[in-house]
Amino acid sequence: MNSYTNFNKKEGIPISNYIYSVGMSGLAGQVIRVEATVREDKEQCVIIGLPDVSIKESKERILNCLHALKKDIDMKKITIHLSPADVKKQGTSHDAAMLLAVLQAMAKHPVKIPEKTCFIAALTLTGELTTFHSMIPTIHQAILLGFKRIYIPPIEISLFAQAADVELIRMPDMTSLLSHLKGTPSLFDEELPLLPLETIHEETEKIPHICFSAIRGHEAAKRALVLAAAGGHHVLMSGPPGCGKSLVANAFHTILPDLRHDEVLEVYSIYQMAKQARSLSERPPFRSPHHSSSEGAIIGGGRYPKPGEMSLAHRGVLFLDELGHFPRRVIDTLRQPLESGFAVVNRVEGSDQFPAAINLIAATNPCPCGYYGSHEKYCTCGDKVRLKYMQKITGPIIDRVDFVLGMKNQGVFETSAGVPSEELRSIVTAARDRQRIRYGANYTNAIVPIKLFEEQVRLSPTQLARIQTVSSKEKLSRRSSLKILRLARTISDVRGEDTVSAAAMDEALNWKIQDSRVHGSLMR
């Protein structure tokens with residue numbers, strides 16, 4: 001028991017002396033403690049603690065609610081403090097908590113509020129609890145922050161059915177909320193008319209996804225994509241126009257496993273924060289931004305940072321077609337998120353971190369005209385033009401890509417049919433499950449922290465010595481050497497092996513050596 005709580009001896013329940021709410025900083029929840037004082041002075045309502053404009057406007061809603069509740073506020077100065085005082089607060093999620101803090105300060109006998117209770121709701125002018133933008137992410141974060149009793153407006157809560165130890169209490173207005181806190185019977189939860197959540201109608205999917213069985217040929221590319229899906233690795237495809245790069249990339253989405261319940265909420269929360277259309281779908285997101293997209297559109301940004309395309313593709317696919325047409329600065333912003341699985345947006349007003357655990361699938365032509373190295377047509381680009389085009393894809397980016405594929409045109413009557421997406425998805429799902437069990441968290445082999453990877457993936461001295469020898473011979477960086485180990489672990493996961501086998505190590509080495517040579521041929 002700490003200084004912020006006392007103990008209700010009658011009921012045996014820890015009681016909080018403060019009112020708590022939850023705010024959002026990026027996609028992370030922030031516990032907000034609300035206090036209020038009411039004293040004799042000129043009638044006024046002041047909110048302090050770095051509130052934004054939407055919170056400053058809450059004082060008018062609070063004053064109107066007090067009048068609606070028939071509270072005498074003549075010659076009363078109300079001061080509401082939101083702490084931590086040095087953290088910027090935004091949104092209307094604190095309305096109910098602020099009004100309750102004022103009512104507690106005015107009451108001769110304040111109601112007892114159990115510990116680990118928070119209040120998340122906006123208010124109407126008459127004291128009704130209503131929804132607000134990003135409400136689902138806020139409730140989700142309140143659960144993750146450890147609150148056991150959460151007062152919310154009357155909304156559909158089936159999304160949070162798996163949070164069995166959390167009590168979500170839906171209340172229509174402040175009168176009912178106060179009655180519930182006092183233990184007075186009020187409207188049954190089932191009888192409440194449910195409010196519609198703020199939704200953005202999702203457009204019909206514009207990019208049709210293709211079953212892998214429809215892809216003829218490209219056996220090496222299909223193998224690489226299965227491994228990429230299983231381990232969260234990244235792929236760069238280079239080849240002439242029409243060789244099948246976009247076709248293969250659009251099929252990739254169909255072999256990714258379905259999202260789990262917590263991942264569905266996580267992805268939906270990101271879209272809510274960005275005010276983007278997204279249904280509560282179990283399928284991973286697929287994002288394909290145009291090459292004219294700005295740095296902020298890809299990584300995220302704004303005065304109050306919002307997620308960019310990398311975060312909107314979280315747990316799914318970010319497909320960058322025509323990579324050579326993207327500005328070099330935009331391509332370079334991919335460096336840090338590809339390794340960490342997070343996109344960090346720094347602004348004067350604040351710094352926010354958004355999840356970005358993605359599969360990057362990039363496609364580019366080998367030159368501006370697209371036919372360098374092709375046997376079908378002659379390349380019309382000069383060496384300087386071609387090199388300038390390819391130099392946008394810098395060495396540090398190539399170093400972070402696991403597969404660099406040189407693709408060629410396939411015959412129209414290619415006879416090798418592909419394996420159906422459903423079959424490949426089951427293989428990928430099993431490999432992902434093995435990784436989740438191994439690391440005890442939702443990591444893929446591509447982004448698991450190196451320390452945890454080394455603890456859980458035991459390699460023999462012979463295997464390590466071989467990696468060192470090949471890396472020295474091929475002049476590979478330390479990062480590339482580590483990527484060989486990560487890829488070998490993924491190959492063994494796909495094969496259902498508990499340890500990294502010699503065959504998996506051979507295949508991983510062959511992929512990395514091939515990547516180095518393909519990239520070298522493009523830069524000559």
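Up top is the structure these notes are about.
> What am I meant to see in the overall build of the protein chain here?
For the protein chain, the count of helices and strands is 19 helices and 21 strands. Across the 524 residues in the protein chain, those meeting the buried criterion constitute 51%. In the protein chain, 74% of the contacts between residues at least 6 apart in sequence involve partners at least 24 apart. Put simply, the protein chain shows about 24,500 Å² of open surface, and 53% of that area lies on carbon and sulfur atoms.

> Would you take a moment to explain the sheet that holds strand β14 (residues 286–287) for this structure?
Within a sheet, each strand pairs with its neighbour through backbone hydrogen bonds, oriented either parallel or antiparallel. Taking strand neighbours across the sheet as the criterion, the 5 strands line up as β14-β17-β20-β13-β21 in an open arrangement whose pairing is parallel. The open sheet has two edge strands, β14 and β21 (403–406), and neither has a second partner. As judged from the 4 bridges shared by strand β13 (residues 235–238) and β21, these two strands associate in the parallel manner. When the sheet's bridge partners are listed, Leu-236 is paired in β21 with Val-404. Strand contacts of helix α7 (residues 245–252): β13, β14, β17 (317–320) and β20 (359–364), with the helix running at about 170° to β20, the strand carrying the most contacts.

> Mind showing me how you'd approach the side chain of Asp-402 here?
If you trace the backbone, Asp-402 turns up in the loop between α14 (395–400) and β21. Looking at Asp-402, its side chain comes within polar contact range of the main-chain nitrogen of His-234, at 2.9 Å. Side-chain polar atoms of Asp-402 contact the side chain of Lys-483, separated by 3.4 Å. Ignoring sequence-local partners within four residues, the contact set of Asp-402 consists of His-233, His-234, Lys-483, Lys-512 and Asp-515.

> Looking at this structure, how should I read the pattern of salt bridges?
Pairs can form between side chains of opposite charge once their charged atoms are near each other. Summed over the entire model, instances satisfying the criterion amount to 28 salt bridges. A salt bridge links Arg-33 to Glu-35; the shortest N-O distance between them is 3.6 Å. We classify Glu-35 as partly exposed; its relative accessible area is 26%. In this structure, Glu-339 and Arg-400 form a salt bridge, with 3.5 Å as the shortest nitrogen-oxygen distance. Remark: Arg-400 occurs in helix α14 and Glu-339 occurs in helix α12 (residues 335–340); sequence separation between them is 61 residues. With relative accessibility at 10%, the residue Arg-400 sits in the buried group.

> Sorry, what's going on with the packing of aromatic side chains here?
Two descriptors summarise a pair of aromatic rings, namely the distance from one centre to the other and the angle between the planes of the rings. The full count for this structure, using the stated rule, is 4 aromatic pairs. A centroid spacing of 5.0 Å and a plane angle of 15° characterise the contact between Phe-119 and Tyr-151, whose relative ring orientation is stacked. Of this pair, Phe-119 sits in strand β8 (residues 117–119) while Tyr-151 sits in strand β11 (residues 149–152); the two residues are 32 residues apart in sequence, bridging distant segments of the chain. For the pair shown, Phe-119 and Tyr-151 are each scored as buried. Ring geometry for Phe-286 versus Phe-319: centroids 6.3 Å apart, planes at 45°, classification tilted.

> What exactly am I supposed to notice about the state of the cysteines here?
Working definition: the covalent bond between the sulfur atoms of two cysteines is a disulfide. Tallied over the entire structure, the rule returns 0 disulfides. In this structure Cys-367 is a free cysteine whose sulfur lies 3.5 Å from that of Cys-369, the closest cysteine sulfur available. Since its relative accessible area comes to 0%, Cys-367 is described here as buried. Cys-379 takes part in no disulfide bond, and the closest cysteine sulfur, belonging to Cys-367, lies 3.7 Å away.

> So what exactly am I meant to see when it comes to the packing of helix α15 (residues 421–439) against helix α18 (residues 478–494) here?
When two helices pack together, their arrangement is captured by the angle between the axes and the distance separating the axes. At a closest axis distance of 8 Å, the pairing of α15 and α18 adopts a crossing angle of 120°. It follows that α15 is oblique to α18 by the angle criterion. Considering how the two elements wind past one another, α15 and α18 form a crossing that is right-handed. For the pair α15 and α18, contact is made by Ile-427, Ala-431, Arg-434, Gln-435, Arg-438 and Tyr-439 and by Arg-489, Asp-493 and Val-494, respectively.

> Can you help me understand the nonpolar core in this one?
Most often, soluble globular proteins keep nonpolar side chains buried together rather than apart. With 53 residues, the main nonpolar core has Val-235, Met-237, Phe-252, Ile-361, Phe-403, Leu-405 and Met-505 as its most contacted residues. Element by element, the count of residues in this core is highest for helix α6 (residues 219–231), at 8 residues. Setting aside its immediate chain neighbours within four residues, Phe-252 contacts Phe-212, Leu-225, Ala-228, Ala-229, Val-317, Asn-359 and Ile-361. One finds Ile-62, Ile-80, Ile-113 and Ala-121 within the second-largest nonpolar core, a separate group that totals 36 residues.

> Any chance you could explain helix α3 (residues 95–106) here in plain terms?
Residues spaced three or four apart along an α-helix face the same direction, because each turn holds 3.6 residues. Spanning 12 residues, α3 covers 17 Å between terminal C-alpha atoms, matching the ideal 16 Å at 1.5 Å per step. The buried count for α3 comes to 10 of 12 residues, which makes it a mostly enclosed element. For α3, the set of buried residues is Asp-95, Ala-96, Ala-97, Met-98, Leu-99, Leu-100, Ala-101, Val-102, Leu-103 and Gln-104.

> Teacher, can you tell me more about the environment of Met-171 here?
Relative to the helices and strands, Met-171 is located in the loop between β12 (167–170) and α5 (174–182). In the structure, Met-171 is positioned 19 residues away from Ile-152 in sequence and 6.4 Å away in space, judged by C-alpha atoms.

> In this structure, what is going on with the sheet that holds strand β6 (residues 76–83)? I would like to understand it.
An order of β3-β4-β6-β5 is seen for the 4 strands of this open sheet, with the pairing classed as mixed. The strands lining the two open edges of the sheet, one partner per strand, are β3 (19–25) and β5 (44–48). Sheet twist, expressed as the average angle between the axes of neighbouring strands with direction ignored, equals 25°. By the bridge criterion, 8 bridges tie strand β4 (residues 28–40) to β6 in an arrangement that is antiparallel. If you follow Val-34 over to β6, its bridge partner there is Leu-82. On top of the sheet, α3 reaches β3, β4, β5 and β6; it is set at about 35° to β4, its chief contact.

Analysis parameters
Residues numbered from 1 in each chain as written. Predicted model: local features only at pLDDT ≥ 70, side-chain atom pairs only at ≥ 80, totals over all residues. Heavy atoms only, no water. Helix = DSSP H or I, 4+ residues; strand = E, 2+ residues; numbered from the N terminus. Buried < 20%, exposed > 50% of the residue type's maximum accessible area, 1.4 Å probe, protein only. Contact = heavy atoms within 4.5 Å. Areas by Shrake-Rupley, 256 points an atom, 1.4 Å probe, with all protein chains shown as cover. Pairing = 2+ DSSP bridges. Axes fitted to C-alpha atoms, helices over the stretch in contact; angles between N-to-C directions. Polar contact = N/O pair within 3.5 Å; in protein donor to acceptor, adjacent residues only side chain to side chain. Salt bridge = Lys/Arg side-chain N within 4 Å of Asp/Glu carboxyl O. Phe/Tyr/Trp six-rings, centres within 6.5 Å; stacked < 30°, edge-to-face > 60°. Disulfide = S-S within 2.5 Å. Parallel < 35°, antiparallel > 145°, perpendicular 65-115°, else oblique. Left-handed = near helix turned anticlockwise from the far one by under 90°. Core = buried A, V, L, I, M, F, W, Y, C linked by side-chain atoms within 4.5 Å. Expected span 1.5 Å × (residues − 1).

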